[in-house]
Amino acid sequence: MSRLTNKVCVITGAAGDIGQAAARLFIAEGARVVLVDRDAAKLEQLITELGQAHAISVVADVSNDLEVRACMATAVKHFGGLDVVLANAGIAGPAGKTLEHCLVEEFDQVMTVNVRSAWLAIKHAAPLLRARGGGSIVVTSSVMGLVAAGMAGPYVTSKHALIGLAKTAAVELARDKIRVNTVNPAPVESRMMREIEHGFTPADENKAKKAILATIPFRRYVHTDEVAKMMLFLASDDSSFCTGSSYLVDGGLVAI
Ligand SMILES: NC(=O)c1ccc[n+]([C@@H]2O[C@H](COP(=O)([O-])OP(=O)(O)OC[C@H]3O[C@@H](n4cnc5c(N)ncnc54)[C@H](O)[C@@H]3O)[C@@H](O)[C@H]2O)c1
């Protein structure tokens, strides 16, 4: 039996590597999805691949209050309700700079895109999930939400903040049968990691990758489909008693 049959899901950051993997898996499991991203061209490509029977795209800035509200409303208008939100959009921010050297604008941008966006998703999804009798909100944090790494301070700060946000929402929304959890992936084989590696060691990106791999007992990055499977578990009724917690997909990184 498909695990998201009849579920309507909003996925933010849907045009990115992890968002695309989640969209493919959620649809394969029977979901209808609203794909949200600021990258119109990539969204269009994704819709072409996935077809319009099960997916619709919305170009939006996930840190904008009115635009996020409109994204959630699209799920109701187009598919008749909302059951699952994957608040996944995020940016790496400045990599390779100490906190001391980060600019105010850089710090604010990371907090706005990574944290405010997830809060807005929760804020505007909650009434719609409540109207449906419950639901699941999955927030993409990171291993960097649980441990620190130098030279990525705004990102680490934002990913820690998401855990506090998800825990608070879980406590507040439990009575409405709305579950809220974070997924915490290790570095993913992805565009974002290429950007981070370049920030750490611009002259030789492999050098940064080697150093990062040395911190992961599995000695590899996680694949997007492995992250998507954890997202599916948390989105679906398989995780019916799971709320207010963080779920690692980390190859043992946080164990050492
Ligand atoms: N890639 C990794 O190694 C890794 C590891 C752990 C956690 N994460 C987290 O997973 C999530 C997805 O990352 P990814 O690897 O797919 O990155 P990505 O850069 O491929 O995708 C992120 C997507 O978010 C979109 N986005 C960014 N700002 C936006 C905004 N203001 N409004 C709307 N859309 C916006 C981008 O257009 C992009 O499509 C992020 O929250 C990231 O922090 C990534």
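To be clear, the structure that these remarks concern was listed above.
Quick look at the structure, then. (Residues numbered from 1 in each chain as written. Predicted model: local features only at pLDDT ≥ 70, side-chain atom pairs only at ≥ 80, totals over all residues.)

### Here's the deal with the overall build of the protein chain
And step 1. Summing up its helical and strand segments, the protein chain has eight helices and seven strands in all.
And step 2. Reported as C-alpha extents along the three principal axes, the dimensions of the protein chain are approximately 50 × 40 × 40 Å.
And step 3. Relative to all contacts within the protein chain whose residues are 6 or more apart in sequence, the contacts with residues 24 or more apart total 72%. (Helix = DSSP H or I, 4+ residues; strand = E, 2+ residues; numbered from the N terminus. Contact = placed C-beta atoms within 7 Å.)

### A look at the site of the ligand
And step 1. Near the ligand, the surroundings consist of 26 residues, among which Gly13, Gly16, Ile18, Gly90 and Val188 are the closest.
And step 2. Elements with a minimum of two residues in the shell around the ligand: helix H1 (17-28) and helix H6 (191-200). (Near = placed C-beta within 6 Å.)

### Description of the nonpolar core
And step 1. Of all hydrophobic cores here, the largest spans 79 residues; its most connected members are Cys9 and Met231.
And step 2. In this structure Cys9 touches Leu4, Phe26, Ala31, Val33, Asp83, Val84, Leu86 and Ala235, once residues within four positions along its chain are discounted. (Core = buried A, V, L, I, M, F, W, Y, C linked by C-beta atoms within 7 Å. Buried ≥ 20, exposed ≤ 12 C-beta atoms within 10 Å, placed from the backbone.)

### What to know about the packing of helix H3 (residues 65-79) against helix H4 (residues 104-131)
And step 1. Contact pair H3 / H4: the axes reach a minimum separation of 9 Å and the direction vectors enclose 35°. Taken as a pair, H3 and H4 cross one another with a handedness that is right-handed. Here H3 contributes Asp65, Val68, Arg69, Met72 and Val76 to the contact with H4, which in turn contributes Leu120, Ala121, His124, Ala125 and Leu128.
And step 2. Classifying every residue of the contact of H3 with H4 by side-chain character gives seven nonpolar, one polar and two charged. (Axes fitted to C-alpha atoms, helices over the stretch in contact; angles between N-to-C directions. Left-handed = near helix turned anticlockwise from the far one by under 90°. Nonpolar A, V, L, I, M, F, W, Y, C, P; charged D, E, K, R; others polar.)

### Re the environment of Asp17
And step 1. Examined against the element boundaries, Asp17 turns out to sit in helix H1.
And step 2. Given 17 C-beta atoms within 10 Å, Asp17 falls into the partly exposed group.
And step 3. Taking the C-alpha atoms as reference points, Asp17 and Ile256, 239 residues apart in sequence, are found 27 Å from one another.
And step 4. Discounting chain neighbours no more than four positions away, the residues touching Asp17 are Val188, Ser190, Arg191 and Thr224.

### Quick look at H1
And step 1. Taking 1.5 Å of rise per residue, the 12 residues of H1 would be expected to cover 16 Å, and the 17 Å separating its terminal C-alpha atoms lies within 8% of that figure.
And step 2. All of the buried residues in H1 are Ile18, Gly19, Gln20, Ala21, Ala22, Ala23, Leu25 and Phe26. (Expected span 1.5 Å × (residues − 1).)

### Quick word on the sheet that holds strand S7 (residues 246-249)
And step 1. Strands sit in the order S3-S2-S1-S4-S5-S6-S7 across an open sheet of seven strands; the sheet is parallel. The strands lining the two open edges of the sheet, one partner per strand, are strand S3 (55-59) and S7. In this sheet, neighbouring strand axes are inclined to one another by 20° on average, regardless of whether the strands run parallel or antiparallel.
And step 2. In terms of strand pairing, strand S2 (residues 32-37) meets S3 through five bridges, oriented parallel. Opposite Val34, over in S3, you have Ile56 as the bridge partner.
And step 3. On top of the sheet, helix H2 (residues 40-50) reaches S2 and S3; it is set at about 175° to S3, its chief contact. (Pairing = 2+ DSSP bridges.)

### Re the packing of H6 against helix H7 (residues 205-213)
And step 1. Two elements in contact, H6 and H7, have axes whose closest approach is 7 Å; the angle formed by their N-to-C orientations is 105°. The angle between H6 and H7 places the two elements in the roughly perpendicular class. Contacts between H6 and H7 involve Arg194, Glu197, His198 and Phe200 on the former and, on the latter, Glu205, Ala208 and Lys209. (Parallel < 35°, antiparallel > 145°, perpendicular 65-115°, else oblique.)

### A word on unusual backbone geometry
And step 1. Phi at Asn6 is positive, roughly 65°, even though this residue is not glycine.
And step 2. The topology assignment puts Asn6 in the segment before strand S1 (8-12).
And step 3. Residue Asn6 is classed as exposed on the basis of its 12 C-beta neighbours within 10 Å.
And step 4. The phi angle at Arg219 is positive, at roughly 55°, despite the residue not being glycine.
And step 5. As for its placement among the helices and strands, Arg219 is situated in the loop between H7 and helix H8 (224-235).

### A short note on the environment of Leu173
And step 1. Inspection of the secondary structure assignment puts Leu173 in helix H5 (residues 153-173).
And step 2. When the C-alpha positions of Leu173 and Ala126 are compared, they lie 7.8 Å apart, and in sequence the two are 47 residues distant.
And step 3. Excluding its chain neighbours within four sequence positions, the residues that come into contact with Leu173 are Ala126, Ile178 and Val180.

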